[in-house]
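Residue-level structure breakdown
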Amino acid sequence: MKNPTADLKPYYLSYLLTVCQFGIDAHGRGFELYFQADLVILWPLYSGLAKIMSFQFDPRQYIRTVPDWPVQGVQFRDITTLLEHKLGFRQTIDCYVHRYFEADIDAVVGIDARGFIIGAPIAYELRSSFVPVRKKGKLPGETVCESYELEYGSAEIEMHTDALKPGSKVILVDDLIATGGTMLAAARLIEKLGASIVEVCAIVNLPDLGGSRKLEEAGYKVFSLCEYEGD
Ligand SMILES: O=P(O)(O)OC[C@H]1O[C@H](OP(=O)(O)OP(=O)(O)O)[C@H](O)[C@@H]1O
Ligand SMILES: Nc1ncnc2[nH]cnc12
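Quick look at the structure, then. Because the structure is a prediction, the values reported are computed rather than measured.

Here the focus is helix H4 (residues 86–100). Taking 1.5 Å of rise per residue, the 15 residues of H4 would be expected to cover 21 Å, and the 22 Å separating its terminal C-alpha atoms lies within 8% of that figure. By the burial criterion, the buried members of H4 are Gly88, Gln91, Thr92, Ile93, Asp94, Cys95, Tyr96, Val97, His98 and Tyr100.

As a further point, take the pattern of salt bridges. Tallied over the full model, the rule gives ten salt bridges. Salt-bridge contacts for Arg64 lead to Asp78; the nearest nitrogen and oxygen are separated by 2.8 Å. Pair noted here: Arg64 is in strand S1 (residues 64–67) and Asp78 is in strand S2 (residues 75–78), with a separation of 14 residues, a long-range link. Classification of Arg64 as partly exposed rests on a relative accessible area of 42%. We note a salt bridge from Lys136 to Glu158, for which the minimum N-O separation is 3.7 Å.

Okay, the sheet that holds strand S8 (residues 196–205) next. The strand order S5-S6-S4-S3-S7-S8-S9 describes an open sheet built from seven strands, whose pairing is mixed. Pairing within the sheet leaves two strands with one partner each, and these edge strands are strand S5 (143–150) and strand S9 (222–227). Here the average twist between neighbouring strands, direction ignored, is 25 degrees. One ladder, built from two bridges, connects strand S4 (residues 129–135) with strand S6 (residues 153–160); its direction is antiparallel. By the bridge assignment, Lys135 is partnered in S6 with Ile157. This element, helix H5 (residues 114–126), spans strand S3 (107–111), S4, strand S7 (169–177) and S8 of the sheet and lies at about 145 degrees to S7. Contacts between helix H6 (residues 181–192) and the sheet are confined to S3, S4, S5, S6, S7 and S8, with S5 contributing the most and set at about 160 degrees to the helix.

Calculation notes
- Residues numbered from 1 in each chain as written.
- Chains lettered and ligands numbered in written order.
- Predicted model: local features only at pLDDT ≥ 70, side-chain atom pairs only at ≥ 80, totals over all residues.
- Heavy atoms only, no water.
- Helix = DSSP H or I, 4+ residues; strand = E, 2+ residues; numbered from the N terminus.
- Expected span 1.5 Å × (residues − 1).
- Buried < 20%, exposed > 50% of the residue type's maximum accessible area, 1.4 Å probe, protein only.
- Salt bridge = Lys/Arg side-chain N within 4 Å of Asp/Glu carboxyl O.
- Pairing = 2+ DSSP bridges.
- Axes fitted to C-alpha atoms, helices over the stretch in contact; angles between N-to-C directions.
- Contact = heavy atoms within 4.5 Å.

Put into structure tokens, the structure is as follows:
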């Protein structure tokens, strides 16, 4: 087991604080000594529980499906109902934080617009920077641009050229992978800036639309919290 006190992790710390605080008050020993001792004891228990909870969490219970929206034939997987659910939202963010906590991520890149909602809190918890990929025409600085096809339409996205340092480690985040066009275009932007993509991740994957397969064939690791077959 890695010694947790060697490099205190603020995220785990926030979970443990309540327990430890009680211990500190009751015990009356030096803060450092007692606090660190608690971390050593609780670390395997806490990280084990967090993994089990992430494993069991299924966001589909909170996601609303709207048939034939925005066009006939599309089963729209609406994550607003997940975001509205206090615990569901928290568990969603926690799944990514636990997954990437020890990956030394420099930046979370979130895709306009729903990728911002989940990308920003993940970046905050990972203590990394957050970089927005925006629809064309929204960023004021010098940008790199990519065009792509959607399940319903086509679009262009941009990122500031100075948003990522060459060689930096990033995760790419969006709410959903359908045809994969958006993620692939965003991944190309990241690569144009010379950064390296640890994983591309989404809440929802629609595997039958082929996006995750395309991303994997392009060499990216893909992670999603749930899938809907047959879309
Ligand atoms: O895998 P794909 O086929 O590329 O589709 C997935 C993308 O489509 C949706 O965004 P949309 O373009 O509808 O924009 P929005 O977030 O502004 O609603 C979704 O949030 C993803 O970004
Ligand atoms: N089926 C779908 N549901 C929600 N967002 C989407 N973006 C592309 N396809 C989608």
